[in-house]
Amino acid sequence: MGVCSSSPDDLNVKPSTQKQKRDAKEAKASEDAKIKMLLLGCGESGKSTIFKQMRILHGKPQTAAELLRLRDIIRSNCVMLMVALANFIEATAEVEGLLLADERKAFNKVLEEVVSNFNDENVDANAEHCMNHIPQFQTLWKSAAFKEAWSRRAETDAIDGHDALMDSFDDITSADYAVPSNHLLLSRVRTEGVVSHSYDIDGAIFEIFDVGGQRYFRKTWFDCFEDVTAIIFVASLSEFDQMLAEDKSKNRMTEALDLFSSVLDNAYFTKIDLLLFLNKKDLFATKIRTSNIADQKDFSDFEGKPNDFDSGVGYFIDKFVAFNEDPERQVFVHITCATDTGNISFVWESCKEIILEANIQASFGL
Ligand SMILES: Nc1nc2c(ncn2[C@@H]2O[C@H](COP(=O)(O)OP(=O)(O)O)[C@@H](O)[C@H]2O)c(=O)[nH]1
Ligand SMILES: [Mg+2]
């Protein structure tokens, strides 16, 4: 995009300064052509998984070095799950009592060598623990005690969905393990600060920002709030009966509702329609069969059919959408499964159209 310098002022500046000015104008023009999209939401809602899906759909495949790192992250995720369950079992006598003699031996070894010096952020150390305790983890994952602990995972820090990793434990710990895309999408590292990536999508440059969702990371969000075209707010449907990792007295869904309300009210975003992804529909579908929404203190006003997927989803949609008091503004709701590439590809097609339209309107100042 060329910019002519024809004003008298421009003629009076030195050539190097003229060039700087021209570069700055060009940079500004290309900034304007960019679509800036934020992924916002609480920790573990699924933001980074959607960020990964964008790369699967529009970016380059993982490099060999990235795949190697992912292998270690996945092994570390297996250890994180086993530690979360072991902590719960140790503190819950009736579950600990389910351990058989050989399982108890494996359990003690894991407590002593893994749990006692565990640091969930040290991927390398955890991947090493994984490889050094394969028989113990195999024994424990099959045990009645760990099955019971998994069924009570809402009371632990276990990440829903990571049972699928332990079910593939033999593959994951084999020497020739090549990370499949479903494991890539299940892998979890906590996002710290803000990360972004640009993709050329249908001729438009989308710069997509992923942020750390836990309370202590939210202060970093403000750095990327200017000139935003679109926001995807991600909330996990399946977390209506779970407490926050960073505050065990706060229901995760209530935290998501509060955060959504503050995003809607944020002065930077008043002109932006919001795309709301009510995520983890697969886990919600399983959970709703046995967990009643009305049993949660914060949602005791639920009057829909108990154990019914549609009633539950409808109730939470109403709760989120009710925060939008501006008739000029829209909240587009999608019920998603972020680990399912087909589902995200389908949902993204309609979101993309809305975002491109919003970008055209914004560029005409509408
Ligand atoms: N089963 C299932 N797991 C999901 C879904 N979305 C995210 N996850 C998993 O939930 C965990 C947290 O997701 P992540 O994207 O890291 O959350 P973030 O903290 O919001 O970035 C990861 O292990 C994901 O694989 C979903 O729709 N279904
Ligand atoms: Mg993340």
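Overview of the structure. Keep in mind it's a predicted model, so treat the numbers as computed, not measured.

Along the backbone of the chain there are 16 helices and 6 strands. Here the C-alpha coordinates of the chain stretch approximately 90 × 50 × 35 Å along the principal axes. Residues classed as buried in the chain amount to 47% of the 366 residues present. Taking as baseline every contact in the chain between residues at least 6 positions apart, the subset at least 24 positions apart corresponds to 72%. Surface summary for the chain: the accessible area is close to 18,300 Å², and the carbon and sulfur share equals 52%. The chain carries 40 positive and 60 negative side-chain charges, and their two centres are separated by 3 Å.

Inspection of the region around ligand 1 gives 20 residues, with Glu44, Lys47, Thr49, Leu185 and Asp282 positioned closest. With respect to ligand 1, the backbone of Ala338 contributes an N or O atom lying 2.9 Å from an oxygen atom. Surface burial for ligand 1 is 98%, taken as the share of its 580 Å² of free accessible area covered by protein chains. Elements with a minimum of two residues in the shell around ligand 1: helix H3 (47-58), helix H12 (181-186) and helix H14 (281-287). Examining the composition of the shell around ligand 1, we find that 3 residues originate from one element, H3, more than from any other. A breakdown of the residues in the shell around ligand 1 according to their chemical character gives 7 nonpolar, 8 polar and 5 charged.

Moving on, we come to the coordination of the magnesium ion (ligand 2). Every protein donor of the magnesium ion (ligand 2) is listed here as Ser48 (OG) and Thr191 (OG1), and their distances to the metal cover 2.1 Å. Placement of the pair is Ser48 in helix H3 and Thr191 in the loop between H12 and strand S2 (194-201), with a sequence separation of 143 residues. Considered together, Ser48 and Thr191 belong to a single accessibility category, that of buried residues.

With that out of the way, let us pick up the environment of Lys219. Structurally, Lys219 can be placed in the loop between strand S3 (204-211) and strand S4 (230-236). Here the alpha-carbon distance between Lys219 and Ala144, two residues 75 residues apart in the chain, equals 43 Å.

A separate point is helix H8 (residues 134-142). Taken residue by residue, H8 has Ile134, Gln136, Phe137, Leu140 and Trp141 as its buried positions. Looking straight down H8, one finds that the buried residues subtend no more than 160° of arc, so they occupy a single side. Its buried side turned inward, H8 meets helix H4 (64-90), helix H6 (101-113), helix H7 (123-132), helix H9 (144-151), helix H10 (163-167) and helix H11 (169-172).

Turning our attention to the pairing of S3. Most of S3 sits inside the fold, with 7 of its 8 residues counted as buried. Note that strand S1 (residues 35-41) and S3 share 5 bridges and pair parallel. What sits directly across from Leu38, in S3, is Phe209. Bridge count between S2 and S3: 8 bridges; the pairing is antiparallel. Of the residues in S3, the one forming a bridge with His197 is Ile208. Counting the residues in the hairpin turn of S2 and S3 gives 2 residues, including Asp202, whose phi is positive at 50°.

Applying the stated criterion to the full structure yields 18 aromatic pairs. On the numbers, 6.0 Å between centres and 70° between planes, the contact of Phe225 with Tyr268 is edge-to-face. You can see Phe225 sitting in the loop between S3 and S4 and its partner Tyr268 sitting in the loop between helix H13 (252-265) and strand S5 (274-279), a full 43 residues away along the chain. On the basis of relative accessibility, which here comes to 4%, the residue Phe225 falls in the buried class. Ring geometry for Phe225 against Phe269: centres 4.6 Å apart, planes inclined by 65°, an arrangement best described as edge-to-face. Note that Phe225 is positioned in the loop between S3 and S4 and Phe269 in the loop between H13 and S5, a separation of 44 residues in sequence. Looking at Lys36, its charged tip hangs above the ring of Phe209, at a distance of 5.2 Å from the centre.

Using the criterion set out here, one finds 25 salt bridges in the structure. Between Arg252 and Glu44 there is a salt bridge whose closest N-O contact spans 3.2 Å. Taken together, the residues span a long stretch of sequence, with Arg252 in helix H13 and Glu44 in the loop between S1 and H3 at a distance of 208 residues. Taking the relative accessible area as the measure of exposure, Arg252 reaches 8% and is therefore buried. What makes Glu44 buried here is its relative accessible area of 17%.

Our next topic: the packing of H4 against H8. Viewed as axis vectors pointing N to C, H4 and H8 meet at an angle of 55°, and their least axial separation amounts to 12 Å. As far as their axial angle goes, H8 and H4 are oblique. Classified by chirality, the crossing of H8 by H4 is left-handed. Only Phe137, Leu140 and Trp141 of H8 make contact with H4, whose side of the interface consists of Val79, Leu81, Met82 and Leu85. Split into classes, the residues belonging to the contact of H4 with H8 amount to 7 nonpolar, no polar and no charged.

Scoring rules and cut-offs
Residues numbered from 1 in each chain as written. Chains lettered and ligands numbered in written order. Predicted model: local features only at pLDDT ≥ 70, side-chain atom pairs only at ≥ 80, totals over all residues. Heavy atoms only, no water. Helix = DSSP H or I, 4+ residues; strand = E, 2+ residues; numbered from the N terminus. Buried < 20%, exposed > 50% of the residue type's maximum accessible area, 1.4 Å probe, protein only. Contact = heavy atoms within 4.5 Å. Areas by Shrake-Rupley, 256 points an atom, 1.4 Å probe, with all protein chains shown as cover. Lys, Arg positive; Asp, Glu negative; His and termini not counted. Charge placed at Lys NZ, Arg CZ, Asp CG, Glu CD. Near = heavy atom within 4 Å. Polar contact = N/O pair within 3.5 Å; in protein donor to acceptor, adjacent residues only side chain to side chain. Nonpolar A, V, L, I, M, F, W, Y, C, P; charged D, E, K, R; others polar. Donors = N, O, S within 2.8 Å, 3.2 Å for Na, K, Ca; no water. Arc of directions from axis to C-beta. Pairing = 2+ DSSP bridges. Phe/Tyr/Trp six-rings, centres within 6.5 Å; stacked < 30°, edge-to-face > 60°. Lys NZ or Arg CZ within 6 Å of the ring centre and 35° of its normal. Salt bridge = Lys/Arg side-chain N within 4 Å of Asp/Glu carboxyl O. Axes fitted to C-alpha atoms, helices over the stretch in contact; angles between N-to-C directions. Parallel < 35°, antiparallel > 145°, perpendicular 65-115°, else oblique. Left-handed = near helix turned anticlockwise from the far one by under 90°.

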